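# Structural overview
As a plain string of letters, each chain reads:
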Amino acid sequence: MSKDTMGYSATTVPQGSRVVLIVSTGEPVRSTSFVTMPDIIGKSQGAALEEISKTSLQAQVVYDYHPLNKKGTVTATRPAPGTNAIAGTDALVLVSSGEPMGPRAIAALPMVTGLDEASALADVRQAGLNAQVMYEASSTVPAGYVIDQLPNQSTYVNMDKKSGKAKPWAYVAAALAVMTLALLGFFMLGGMDLFAREKVEVPDVVGMTEEQAVAALDEVGLVVGTISDKEATAEISTPGAVIASKPEAGEEVAKGSKVNLDVVIDPSKVRADVPKVIGKTAEDATAELQAAGFVVASEYMVTNQFAAGIVAEQSPAGGTRSHKDAQVTIRISSGPAADIVVPDVVGLSEDAAQKLLTNVGLTFSSTTSPSDWAAAGSVLSSSPAAGVQVTPGTNVALVVSSGPTPDPTVTIPNYVGWNSMDAQRNLAELGLVGTLNPTGADGQVTSTDPEAGTAVRPGSTVTIYVKETPIVGY
């Protein structure tokens, strides 16, 4: 083993590395269209992206420094190879950047699958790593909980340095991890109410260093929220020491809650607002971030949502606060895939279908049509149809159900004062059956049943009540 890889294992990473957390939105998976995630583990980034472009999935590339992986090769994906993915959704691709740039301390990779988002972020940051959050719909894992993470415990298992590809048994380990996650999600669904009611007392962290306060809160199941720099007080003047917490010490809060801290300004850790640069050119974004005091790292990703050269993602997110001189990673669009496969949107709600089409880089238009089999607001058809390959920006015409065709009805006229025979003939012309009461009576109509103004279906029977005309001479 070379000096560069000494000390590294399947569960250790260079300090400062990124860990991507896939967090559940709790939304039900309603898509009727699925595609199979191709097996691109060990392939070069270019070959991998080309293979993904043949599906309707959108590749989201994340780079990862680690001596055990061959530079430029794919080390892990989400979804896993060979599993089903919802058409048009993101596919997370972890690509090796090889050995770290310059010497870095080794950090233990925390396993946070199954934790709530706040706890997972706290664990990753406490390990000296950078967290990036992506969201995914899940019918089994509650909203706000981590479905998976990349890298995970199988990413660096027994990597073949020549090909960068894991041995077959590593896939078995990954499959077992997925099965464990599914069981964990099922258990969590049953135990959510109990967890939500659990209360803990906020510890007294005033006077501690920022790092000590984070550890103390983590120990009781709480996480740090916003950290604000404040001027020193007469009682506490040490740079980086906690002046106050909110909620305050002794208050009872739900486990997993955030606690905001006020700390004495530390000149060596000056914080600044991270500018929002998504949608800007790479050059403008870089200049703005550098002017704000941040170090910029650039990555490229294939996306249909932004033109080539435009920033599609950033981490940390714009609007958050971070230490000056911290790294902000911008992911720059390298443009859309050459062709897009029209996703299957039949059966989806109009909103869901339009969102899916937008996500894959297509436009849409909608018209309505009655349907006796599809609920109002759901898509009946699309043109071009699902599976057709089109260029980015192609318009997909949707036909949306307006619901069942209303049953035809006939409104009963007011026949009071009419001759009964005339009323009976008029009802027949309207498609209704008029019966006389008394039977065969020829006289003046006094009322009907149903009454005038009532809407009835064609073929309905209407009873005509008649005041018979007396025969003169009797």
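Since this is a predicted model, take the numbers as computed values, not measurements.

## Some remarks on the environment of valine 445
Tracing the backbone shows valine 445 in strand β30 (residues 443–449). Separated by 22 residues in the primary sequence, valine 445 and lysine 467 have C-alpha atoms spaced 6.3 Å apart. Apart from the residues within four sequence positions on either side, valine 445 is in contact with Tyr415, Val416, Gly417, Trp418, Asn419, Ser420, Ala423, Ile464 and Tyr465.

## Here we look at helix α2 (residues 117–126)
If you check which residues of α2 are buried, you get Ala118, Ser119, Ala120, Leu121, Ala122 and Val124. Looking at the packing, one finds that the buried side of α2 touches β2 (18–24), β9 (130–136), β10 (146–150) and β14 (223–230). Capping of α2 at its N-terminal end is provided by aspartate 116; its side-chain oxygen lies 3.3 Å from the backbone amide nitrogen of alanine 118. Just past α2, the residue glycine 128 takes up positive phi, approximately 85°.

## Regarding the sheet that holds strand β15 (residues 242–246)
Read from one edge to the other, the open sheet built from 3 strands follows the order β14-β17-β15, with strand pairing classed as mixed. The open sheet has two edge strands, β14 and β15, and neither has a second partner. Ignoring which end each strand starts from, the neighbouring axes of this sheet average 25° apart. Pairing of β14 with strand β17 (residues 258–264), which is carried by 6 bridges, proceeds in the parallel orientation. Paired with valine 223 across the two strands is lysine 258, which belongs to β17.

## Some remarks on the confidence of the model for the chain
Summing up the model confidence of the chain, the mean pLDDT is 79 and the portion of residues at 70 or higher is 82%. This stretch, residues 1–6, has a pLDDT under 50; its non-local contacts, to residues over four places away or in other chains, come to 8 contacts.

## Brief notes about the sheet that holds strand β19 (residues 295–301)
Strands sit in the order β19-β22-β20 across an open sheet of 3 strands; the sheet is mixed. In this open sheet, the two edge strands, each paired with only one partner strand, are β19 and β20 (311–315). The average angle at which neighbouring strand axes cross in this sheet is 25°, direction not considered. Both β19 and strand β22 (residues 327–333) contribute to a ladder of 7 bridges, which runs parallel. Opposite serine 298, over in β22, you have isoleucine 330 as the bridge partner.

## Remarks on helix α4 (residues 210–219)
Those residues of α4 that fall on the buried side of the exposure criterion are Glu210, Ala213, Ala216 and Leu217. Seen along its axis, α4 keeps its buried residues to an arc of 125°; they face one direction. Where α4 is buried, its residues touch β14, β15, β17 and β18 (271–273).

## Let's talk about the side chain of aspartate 116
The topology assignment puts aspartate 116 in the loop between β8 (106–108) and α2. Note on aspartate 116: relative accessible area 12%, which makes it buried. At a separation of 2.7 Å, a polar atom in the side chain of aspartate 116 contacts the side chain of serine 119.

## Let's talk about the pairing of β20
The buried fraction of β20 amounts to 5 of the 5 residues, a majority that puts the element mostly inside the structure. Relative to β22, β20 is paired through 4 bridges, and the arrangement is antiparallel. The residue of β22 that forms the bridge with serine 315 is threonine 329.

## A look at the nonpolar core
If you look at the biggest cluster of nonpolar residues, it comprises 17 residues, and the most contacted ones within it are Met37, Ile40, Ile52, Leu57, Val74, Val93 and Val95. Among the secondary structure elements, those contributing two or more residues to this core are α1 (45–53), β4 (58–64) and β7 (90–96). Core analysis: the next-biggest nonpolar cluster, separate from the first, contains 14 residues, Val345, Leu362, Leu398 and Val400 among them.

## A closer look at the environment of aspartate 449
Its location among the elements puts aspartate 449 in strand β30. Aspartate 449 gets classed as partly exposed once you look at its relative accessible area, which sits at 43%. Sequence-wise, aspartate 449 and isoleucine 464 are 15 residues apart; in three dimensions their C-alpha atoms are separated by 6.8 Å. Residues within four places of aspartate 449 in sequence aside, it is in contact with Thr461, Val462, Thr463 and Tyr465.

## Things to note about unusual backbone geometry
In this chain, arginine 78 is followed by proline 79 through a cis amide linkage whose omega measures 10°. Take proline 79: it is sitting in the loop between β5 (74–78) and β6 (84–86). Note the cis peptide between serine 383 and proline 384, where omega equals 5°. You can see proline 384 is positioned in the loop between β25 (379–383) and β26 (389–390).

## Here we look at the packing of aromatic side chains
As enumerated under the stated definition, the model contains 1 aromatic pair in all. Ring geometry for tyrosine 415 against tryptophan 418: centres 4.9 Å apart, planes inclined by 80°, an arrangement best described as edge-to-face. Here tyrosine 415 falls in the buried class, since its relative accessible area comes to 1%.

Definitions and limits used
- Residues numbered from 1 in each chain as written.
- Predicted model: local features only at pLDDT ≥ 70, side-chain atom pairs only at ≥ 80, totals over all residues.
- Heavy atoms only, no water.
- Helix = DSSP H or I, 4+ residues; strand = E, 2+ residues; numbered from the N terminus.
- Contact = heavy atoms within 4.5 Å.
- Buried < 20%, exposed > 50% of the residue type's maximum accessible area, 1.4 Å probe, protein only.
- Polar contact = N/O pair within 3.5 Å; in protein donor to acceptor, adjacent residues only side chain to side chain.
- Pairing = 2+ DSSP bridges.
- Axes fitted to C-alpha atoms, helices over the stretch in contact; angles between N-to-C directions.
- pLDDT = per-residue confidence, 0-100.
- Arc of directions from axis to C-beta.
- Core = buried A, V, L, I, M, F, W, Y, C linked by side-chain atoms within 4.5 Å.
- Phe/Tyr/Trp six-rings, centres within 6.5 Å; stacked < 30°, edge-to-face > 60°.

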